[in-house]
Amino acid sequence: MTLPQRREIETDQRLRLLVGLVVVAAAVIMATSLPAAVRYGTTATSNDIALIVVLTATITLGNLVKARVRIRSTTHSISWTETAIVVGLAIVPAPVVVLCTAAGIALTPRRALPIKLAFSVGKNVLVAWGAGIALAMTGWTWPPEGTIALIAPLALAYLVAALVDDVLAIPVIALASGTRISRQFRSNLDLRLAGFAVRFIVAVCTLLILDANLKLLLAVPPLVLSLHLAYSTRIRTRTEQQAWQRLARTTDALNVVDLDNVLTTAVTQAAELFSADEVEIELHDGGRTVRGATGGITFDGPTDTPPEVDGTVVPTPLEGHDRSVDVGVLRLRFRGPVQLSEREQYTLRTFASALCTAVRNAQAYAELARVADEHAYAAAHDALTGLANRRHLLDQGTEQLSARHADGVTALVLIDLNHFKEVNDTLGHAAGDQVLVQVADRLRGVAQSSDLVARLGGDEFAVLLRGLPAPAVAAHRAETLLAALHEPFELDGMRISVEASGGISVAPASGGMPELLRRADVAMYQAKRAGQRISTYAPTRDTADLNRLTLGGDLPRAVADHEFIVNFQPIVDLGTGEVTSAEALARWHHPTHGLIDPLRFLEAVERSGMLPAFAEAILDQALIAAADWRDAGFDVPVAVNVSPRSLLDARFPGSVLARLRAHDLPPERLVLELTETLTLSQLDVVDRVLSRLRDEGVRLALDDFGTGYSSLSLLSRIPVHELKIDRSFVTTMESSAEAAAVIRSTLDLGRSLNLAVVAEGVESEPQRRALWELGCSAGQGHLFARPMPAGTLLAALQRGSGGQPGTLARPLHDTGAVIRLNQSRRQAGRSRPDRHLPA
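This report concerns the structure included in the present document.

Analysis parameters
- Residues numbered from 1 in each chain as written.
- Predicted model: local features only at pLDDT ≥ 70, side-chain atom pairs only at ≥ 80, totals over all residues.
- Heavy atoms only, no water.
- Phe/Tyr/Trp six-rings, centres within 6.5 Å; stacked < 30°, edge-to-face > 60°.
- Helix = DSSP H or I, 4+ residues; strand = E, 2+ residues; numbered from the N terminus.
- Buried < 20%, exposed > 50% of the residue type's maximum accessible area, 1.4 Å probe, protein only.
- Lys NZ or Arg CZ within 6 Å of the ring centre and 35° of its normal.
- Arc of directions from axis to C-beta.
- Contact = heavy atoms within 4.5 Å.
- Pairing = 2+ DSSP bridges.
- Axes fitted to C-alpha atoms, helices over the stretch in contact; angles between N-to-C directions.

Turning our attention to the packing of aromatic side chains. Within this structure, the stated rule accounts for 8 aromatic pairs. Judged by centre distance (5.1 Å) and plane angle (40 degrees), the rings of Phe-564 and Trp-588 are tilted. Of this pair, Phe-564 sits in strand S15 (residues 564-573) while Trp-588 sits in strand S16 (residues 579-590), placing them 24 residues apart in sequence. Take Phe-564 and Trp-588: they sit in the same class, and that class is buried. For Arg-291, the ring lying beneath its charged end belongs to Phe-299, and the centroid distance is 4.7 Å. The ring of Phe-489 is capped by Arg-442, whose NZ or CZ atom sits 3.9 Å from the centre of that ring.

Right, let's get into helix H14 (residues 420-427). What H14 keeps buried is the set Phe-420, Val-423 and Asn-424. Each buried residue of H14 lies within a common arc of 95 degrees when the element is viewed along its axis, so the set occupies one face. In H14, the exposed residues that point more than 90 degrees away from the buried face are Lys-421, Glu-422, Asp-425 and Thr-426. Packed against the buried residues of H14 are strand S8 (409-417) and helix H15 (429-446).

The next subject is unusual backbone geometry. Note: most peptide bonds trans; most residues except glycine with negative phi. With a phi close to 50 degrees, Asp-492 is a non-glycine residue in the positive phi region. Summarising the element assignment, Asp-492 is placed in the loop between strand S11 (489-491) and strand S12 (494-496). The class for Asp-492 is exposed, based on a relative accessible area of 65%.

With that out of the way, let us pick up the sheet that holds strand S9 (residues 452-457). Spatial ordering of the open sheet is given by S9-S10-S8-S13-S14, a layout of 5 strands whose pairing is mixed. Strands at the two margins of the open sheet, each flanked by one partner only, are S9 and strand S14 (534-536). Neighbour-to-neighbour, the strand axes of this sheet turn through a mean angle of 20 degrees, independent of strand direction. As defined by bridge partners, strand S13 (residues 500-506) adjoins S14 across 3 bridges and the pair is classed as parallel. Across the sheet, residue Ile-504 finds its bridge partner in S14, namely Thr-536.

A word on the sheet that holds strand S7 (residues 326-334). Within the open sheet, the 5 strands sit side by side as S5-S4-S3-S7-S6. Their pairing is antiparallel. Whereas interior strands pair on both sides, the edge strands pair on one side only; in this sheet they are strand S5 (296-302) and strand S6 (312-319). Direction aside, neighbouring strands of the sheet carry axes that sit 15 degrees apart on average. In this sheet, S5 lies alongside strand S4 (residues 288-293) in antiparallel orientation, the contact comprising 6 bridges. In the strand pairing of S5, Arg-291 is matched with Phe-299. Along the sheet face, helix H10 (residues 259-273) touches strand S3 (278-283), S4 and S5 and points at about 40 degrees away from the line of S4.

Note that every value here comes from positions in space, so none of it alone points to a role or purpose.
Next comes the structure, spelled out in structure tokens:
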């Protein structure tokens, strides 16, 4: 048995006890009044007998003329009974009035439950007895000596009658409605006081008429009827006003986004609003049913056969105002026969419509929350293995490093599978994926609960070790992780052994998570070169750090001796395979260290003050190459990456335009690629520089679009011509829903703004075709060509693909073929007025 059901049983027991006490007390009073009434009857005249009959009939009539108020399945009434009782006490002995009251109430023609009839008789007997004692205490005699002598005793008697009536009736009503007695007493107090005053005035007027002339009694019934109608109208108006106020409060309470709260509020508030014994809500979506009353929920589970109720069930569909959506059914249950008034029916429909809206809003919010959780999980986890991805590892690592002093030592183990490419080449990528999943399972199985296991991409894994007691513990934990991969893997009946190398790094004093990851990478490749399984990072063996310190001093010589060279990676039309432009990529041909990647020397260039000279050297080589290609018959634009620091130099536009004139190249043959590292505080200066370049015809591109936090902010400020999708999204577009979504949104944005879009990192034909079908017209990557010198690219252009000069790949479709374009391709064709770059 639920708690609300136990409370309901306890309430019924208290009601019966209270009614029993009232009935017993009334019975005692009637028993003691009977002898005096008998003595009065033996000496009564015919007029006295007639008066007793009229009094009894008046009490019956007063009990019939009522203002009714329904509470749950029981209708409670406000009657004129106490007026008839007080008038009777003024002219007839109290014992006789007590018995006349009992008879008059009992003889009232109506259908009522026995317990309700017994309570009504008992309550009114006690009212008559209390008022009679009060009147007797004043020394009352009939007829009174003057008006004052009539009003004062009668007022006391009527006050006692009203108090006894409220003291007995209000607790019963409060128990039946489930409200507090104090709240029930305050409810409609002004109307009750006004009603008592009116009925007291009627009683006084009636007695004055009786004292003056009995014929004037004919005016009393119309007066009583008029007052009763006015009072009933006032009660009905007040009841409707309160009902609308409760409806407004209830609908406001439904404005929450949690479905459980919506249903709980609806059940408890509807039970109070419609004074129902039980409320049931059945939802079609999910087959859920909730039942309860004002005390709370009694059932919440799958929809079943509703329990049978001895009484009335009022069902209402949960549908909108236009009835186009039906989310369920609201049922009001009453233990007895109930007929809702027209106002209550309208209120019920309004409440059901509000509940329908609240349920739909809560369901929609729950679905949005579920989708958001799925997207958040997908953004932080690898789609194949379910492990954390690189982004999640970096976020968690950064958070851990900020609290490392309190949580112990933080270390990172980077694990790379040796010769994993042979598995893919021999058994296929599906088999390789199975091996990666098993590797992830084994690492997850031996990692501790505080560790974070991640897949960084391809065959590279990482484990973030948190809260280590000492740095030396990291090596022991790394051995455990690598040992888990020693046993062969079961793959379609075959046993495959996969070797792995690991690098360990302990959290650095500075540099954060990126530096921790770089050091683990250095240690891992040190292990590979040394033929070891595991290696721990040592600063003395980090040649990258040592070299970076010496690069800055070599920059002046490198610029003077033309050690900076430029390779070019072509940008190709994905549909036709035709080269549309080429990106210039700087390299440092160092006499000691060999070919150095720009990631290692660009920071030194920017710090050294050599940036203008370096930028001019790279731009010169790029424009010379473009002029040579043009002279050979291939008018291919060239794209050059620009450092954000160059855009802060007001002399930069003049330098660029001077170089274009020197090489006799039109400005539209040059594309300047900008990165997202620009901050909003720098944009005011950058705006002036870029506006001048754009006004002269130089084309602008936003590189690595989507990887920074300010992509849209930059796009709204910088007047670019094209967007370049970062290679990280292209690489993972087939396995990551998030990456594919970024690509689609970038293409949609490009179409909306009439911007060309270039995809970086295209390495396979499936990627090329998928990008083309999404509406991307251009791409660059190893599928078409690796970065190469300008002369090599010119030879490749002259040679062409399939005998077509100027192309590096066969077209996706033969000339004249009929192609079925998807919606995105059709939209792309309509919105893009030219190709990637004008040729």
